[in-house]
Amino acid sequence: MSWLFPIDKRDFPGRRWLSITLRTFHLMGIAGLAGAYLFHLPESQWMPYLWLAVLSGFLMAAMAVYVDGIWLLQLRGQAIFLKLLLLSTVFWLFDEPQTMIYLLVILISGVVSHAPGKVRYYSLWHRKVLTKADLINKNCGES
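Residues numbered from 1 in each chain as written. Predicted model: local features only at pLDDT ≥ 70, side-chain atom pairs only at ≥ 80, totals over all residues. Heavy atoms only, no water.

Trainee: I'd love a proper account of the packing of helix α1 (residues 15-37) against helix α5 (residues 99-114), names of residues and values included.
Mentor: Orientation of α1 relative to α5, taken along the N-to-C sense of each, is 160°, at an axis distance of 9 Å. With respect to α5, the element α1 is oriented roughly antiparallel. As α1 packs across α5, the resulting crossing turns out to be left-handed. Residue-level contacts link Ile30, Ala31, Leu33, Ala34 and Tyr37 of α1 to Thr99, Tyr102 and Ile106 of α5. (Axes fitted to C-alpha atoms, helices over the stretch in contact; angles between N-to-C directions. Helix = DSSP H or I, 4+ residues; strand = E, 2+ residues; numbered from the N terminus. Parallel < 35°, antiparallel > 145°, perpendicular 65-115°, else oblique. Left-handed = near helix turned anticlockwise from the far one by under 90°. Contact = heavy atoms within 4.5 Å.)

Trainee: Could you give an account of the side chain of Arg120, with specific residues and numbers?
Mentor: By secondary structure assignment, the location of Arg120 is in helix α6 (residues 117-120). Here the side chain of Arg120 touches Ala115 through a polar contact of 2.3 Å, landing on its backbone oxygen. Not counting chain neighbours up to four residues away, the residues in contact with Arg120 comprise Gln74, Leu75, Arg76, Val112, Ser113 and Ala115. (Polar contact = N/O pair within 3.5 Å; in protein donor to acceptor, adjacent residues only side chain to side chain.)

Trainee: Give me the nonpolar core: which residues, what numbers.
Mentor: In summary, soluble globular proteins display a tendency toward joint burial of nonpolar side chains. Formed by Leu33, Ala34, Ala36, Tyr37, Trp46, Ala53 and Tyr102, the largest nonpolar core amounts to seven residues. Within the residue set of this core, elements represented by two or more residues are α1 and α2 (43-67). If you tally residues by element for this core, the top one is α1, at four residues. Discounting chain neighbours no more than four positions away, the residues touching Ala36 are Leu41, Trp46 and Pro97. Formed by six residues, the second largest nonpolar core is a distinct cluster that contains Ala79, Leu86, Ile101 and Val105. (Core = buried A, V, L, I, M, F, W, Y, C linked by side-chain atoms within 4.5 Å. Buried < 20%, exposed > 50% of the residue type's maximum accessible area, 1.4 Å probe, protein only.)

Trainee: Give a description of the packing of aromatic side chains that names residues and reports values.
Mentor: One pass over the full model with this rule turns up two aromatic pairs. Between Phe12 and Tyr66, the aromatic rings sit 6.1 Å apart at their centres with planes inclined by 55°, giving tilted as the arrangement. Residue Phe12 is located in the segment before α1, and its partner Tyr66 is located in helix α2; the two are separated by 54 residues in the primary sequence. Relative accessible area serves as the criterion here: at 26%, Phe12 is assigned to the partly exposed category. Since its relative accessible area comes to 40%, Tyr66 is described here as partly exposed. For the ring pair Tyr37 and Tyr102, a centre distance of 4.8 Å and an interplane angle of 10° mean the geometry is stacked. Here Tyr102 lies in helix α5 and Tyr37 lies in helix α1, a separation of 65 residues in the sequence. Accessibility classification places Tyr37 together with Tyr102 in one group, the buried group. (Phe/Tyr/Trp six-rings, centres within 6.5 Å; stacked < 30°, edge-to-face > 60°.)

Trainee: Could you give an account of a nonpolar patch on the surface, naming the residues involved and the relevant values?
Mentor: Judged by side-chain polarity, Leu38, Phe39, Leu41, Met100, Leu103 and Ile106 come together as a nonpolar surface patch covering roughly 580 Å² of accessible area. Here Phe39 falls in the exposed class, since its relative accessible area comes to 58%. (Patch = residues over 30% accessible without salt bridge, like charges linked within 9 Å, V, L, I, M, F, W, Y side chains within 5 Å. Areas by Shrake-Rupley, 256 points an atom, 1.4 Å probe, with all protein chains shown as cover. Salt bridge = Lys/Arg side-chain N within 4 Å of Asp/Glu carboxyl O.)

Trainee: Got a sec to walk through the pattern of salt bridges? Specific residues and values, please.
Mentor: If you walk through the whole model with that rule in mind, you get three salt bridges. For Arg15, the salt bridge is made with Asp11, and the minimal N-O distance between the two is 2.8 Å. Judged by its relative accessible area of 54%, Asp11 falls in the exposed class. Two residues, Asp68 and Lys132, come together in a salt bridge whose shortest N-O distance is 2.8 Å. You can see Asp68 sitting in the loop between α2 and α3 (70-73) and its partner Lys132 sitting in helix α7 (residues 132-136), a full 64 residues away along the chain.

These figures capture arrangement, not role.
Shown next, in the form of C-alpha cells:
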C-alpha cells in the first residue's frame, strides 16, 4: 500500500497556498452555515455555504491523504469522520440542523487542530501516537 502510505511525504508546487486558500473557503462556508444551525434561516440562504464547506473540506482531506495517508489513521483525520457523522445526524435523527451539534463540531475542530502533536498524531485504532516509522516497520500493533 505504498500508494497510500508513501515512504516520503508527497508534495507539489503551490501546496501551501492551496491549503491556505481551501482553509479560508472552508471557514467562510462554516460561517455561512451558522445561518442554518444557529438562526434557522431558510435553506436557500445557507445552502451555498454548505456546498462551499463540503467541497473545500473534501479537497483539504483529499490533499492530506495524497500527501500521506497516515492522516486517516491519526486523530486529526479520524476527527473529520466524527464531525461528518455528527453533522449527518440531521438526515437520520433530526428534522432540522441542531445548534449543539454545530457547536460540538466547531469545538472538536478547534481542539484537534490546535492540540499538541501527541494528540493530533494519536491513533484511536492503534492506541498510541502513530508515526511513519510505525508503518514502515509494521509495528502498528505492538506497544
